[in-house]
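Here is what each chain is made of, one letter per residue.
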Amino acid sequence: MRAIWSGEITFGLVNVPVKLYGATRSHDLSFHQVHDEDQGRIRYQRTCEVCGREIDYEHIDKAYDDGDKTVVLTDEELADLPAEDNDEIDVVQFVPGDQVDPILLGTSYFLEPVGRSSKAYVLLRRTLEDTERTAVVTFTLRSKTRLGVLRVHEDLLALQTLRWPADLKDVDFGPSRTTISAKERKMSAALVEQFSGDFDPEQFTDEYQEQLRELVDAKLEEGDSVDTEATFGKDTSKGEGGGDGKVISLMDALERSVQKRRGATERKGSATTKKSSTTKKSSSRKKSSSRKKGSSTTSRSSKRSG
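Residues numbered from 1 in each chain as written. Predicted model: local features only at pLDDT ≥ 70, side-chain atom pairs only at ≥ 80, totals over all residues. Heavy atoms only, no water.

Engineer: Even after reading the chapter, I still don't get the pairing of strand β8 (residues 144–153), so can you show me in this structure?
Structural biologist: Regular strands place their side chains on alternate faces of the sheet. Two elements, strand β7 (residues 133–141) and β8, share seven bridges in a ladder whose sense is antiparallel. When the bridges of β8 are listed, alanine 135 appears paired with leucine 150. Looking at chain direction, β8 and strand β9 (residues 156–162) are connected through seven bridges and run antiparallel. The residue of β9 that forms the bridge with arginine 151 is alanine 158. Following β8, the chain reverses through two residues before pairing antiparallel with β9; glutamate 154 in that reversal takes a positive phi of roughly 55 degrees. (Pairing = 2+ DSSP bridges. Helix = DSSP H or I, 4+ residues; strand = E, 2+ residues; numbered from the N terminus.)

What follows is the structure, given as structure tokens:
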């Protein structure tokens, strides 16, 4: 794994050098959007609503809208904020674990000890375990000041973000007043007892994702698919019919930005020739894929009629 942050846990005069790693990952299948008619990729563009032009990332600033006025903040102004340079996980309090409301818990991370000796790291982990306490911490990650907790996870220290109290919504609803009899509570407790047991997360599976994977695998096995290269289509960056519209893929935008910064004007001619050749190959693959898909469709139709 690759560390996404490095710094120190600090409490009192003790410093514990650590590296931060994401503790979870998504097992969901990842999708992108395509045109239902020709299976071409659907792209999103960053278009200015004032001038109508597509804007490169280097010319995009952040802005806050309060309803009547908009305040624009530049990258330089944001970089000058003091929280930007903080590389400490500062322990501010040790509290009983059951006092942390689970609704506040957010993203989880693993902390790796850094340096020749991990004594301070092990000492902090064992202290949390022995005292049955959770460390409340503040830290900065991706330019944002965050609240979090340090917990024990097997042999490691785990950092879990906490939502700020102001992030919780106020609600104006709740259960109506009602009377529950002692017999009803006893019967409910008996039902809970029937379903009671030790928690084992391995016994639970995501049935939807399993069925989704089976569907995708079946379509691949049957040949009900198209060549991925063909979904990118041909270069339409210059538009068609002399219109003012400009359709540029993200890769095109990145390539042009790099060329502009490096001042590689001499390479533009060769790049244009190469792009033209790639277009012809892509078109050829698309035709081949279409013939293959047609053949596969005919074969399946024959099987069904048989």
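There's more to say after this.
Engineer: Would you mind showing me how to read the sheet that holds strand β2 (residues 14–22) here?
Structural biologist: If you trace the seven strands once around the closed barrel, you get β1-β2-β6-β9-β8-β7-β5, paired in mixed fashion. Along the sheet, successive strands turn relative to each other by an average axial angle of 40 degrees, direction set aside. In this fold helix α2 (residues 119–131) packs onto β1 (5–11), β2, β5 (88–96), β6 (105–113), β7, β8 and β9, with an angle of close to 70 degrees to the strand it touches most, β9. (Axes fitted to C-alpha atoms, helices over the stretch in contact; angles between N-to-C directions. Contact = heavy atoms within 4.5 Å.)

Engineer: I keep staring at unusual backbone geometry and nothing clicks. Help me out?
Structural biologist: Note: most peptide bonds trans; most residues except glycine with negative phi. Positive phi is not limited to glycine here, since glutamine 39 has a value of about 60 degrees. As for its position among the elements, glutamine 39 is in the loop between β2 and β3 (62–65). Located in the positive-phi region is glutamate 154, a residue other than glycine, with phi close to 55 degrees. Here glutamate 154 lies in the loop between β8 and β9. On the accessibility criterion, glutamate 154 (64% relative accessible area) is exposed. (Buried < 20%, exposed > 50% of the residue type's maximum accessible area, 1.4 Å probe, protein only.)

Engineer: Explain a nonpolar patch on the surface here, please?
Structural biologist: Side chains of Tyr64, Val71 and Leu73 sit close together on the surface and give an oily, nonpolar patch of about 290 Å² of accessible area. Position of leucine 73 among the secondary structure elements: in strand β4 (residues 70–73). (Patch = residues over 30% accessible without salt bridge, like charges linked within 9 Å, V, L, I, M, F, W, Y side chains within 5 Å. Areas by Shrake-Rupley, 256 points an atom, 1.4 Å probe, with all protein chains shown as cover. Salt bridge = Lys/Arg side-chain N within 4 Å of Asp/Glu carboxyl O.)

Engineer: How should I be thinking about the pattern of salt bridges in this particular structure?
Structural biologist: When the charged atoms of two side chains with opposite charge come close together, those side chains can pair. Under the defined criterion, the tally for this structure stands at three salt bridges. For glutamate 129, the salt bridge goes to arginine 125, with nearest N and O atoms at 3.5 Å. Here arginine 125 and glutamate 129 lie together in helix α2, a separation of four residues that amounts to about one turn. Under the relative-accessibility criterion, arginine 125 is labelled buried at 9%. Residues lysine 219 and aspartate 224 are paired through a salt bridge, measuring 2.7 Å at the closest nitrogen-oxygen approach. For lysine 219, a relative accessible area of 35% gives the class partly exposed.

Engineer: What exactly am I supposed to notice about the layout of surface pockets here?
Structural biologist: In this approach, a probe sized like a water molecule rolls over the atoms, and the result shows the empty space that is left. Quantified by volume, the second largest pocket comes out at close to 780 Å³. Lining the second largest pocket are 20 residues, with Phe31, Val216, Lys219, Asp224 and Ser225 sitting closest to its centre. Looking at the lining of the second largest pocket residue by residue, the class counts come to eight nonpolar, six polar and six charged. (1 Å grid on protein atoms, 1.4 Å probe; cavity = no way out; pocket = protein on both sides within 12 Å on 5 of 7 lines; lining within 4 Å. Points joined across faces, edges and corners; volume = space filled by probe spheres on them. Nonpolar A, V, L, I, M, F, W, Y, C, P; charged D, E, K, R; others polar.)

Engineer: How should I be thinking about the pairing of β6 in this particular structure?
Structural biologist: Note: β2 against β6, five bridges, orientation antiparallel. Bridge pairing in β6 places lysine 19 opposite glutamate 112. Of the pairings in the sheet, the one linking β6 to β9 comprises five bridges and is antiparallel in character. Its bridge partner lying in β9, leucine 111 is registered against leucine 157.

Worth remembering: the numbers are spatial, not functional.
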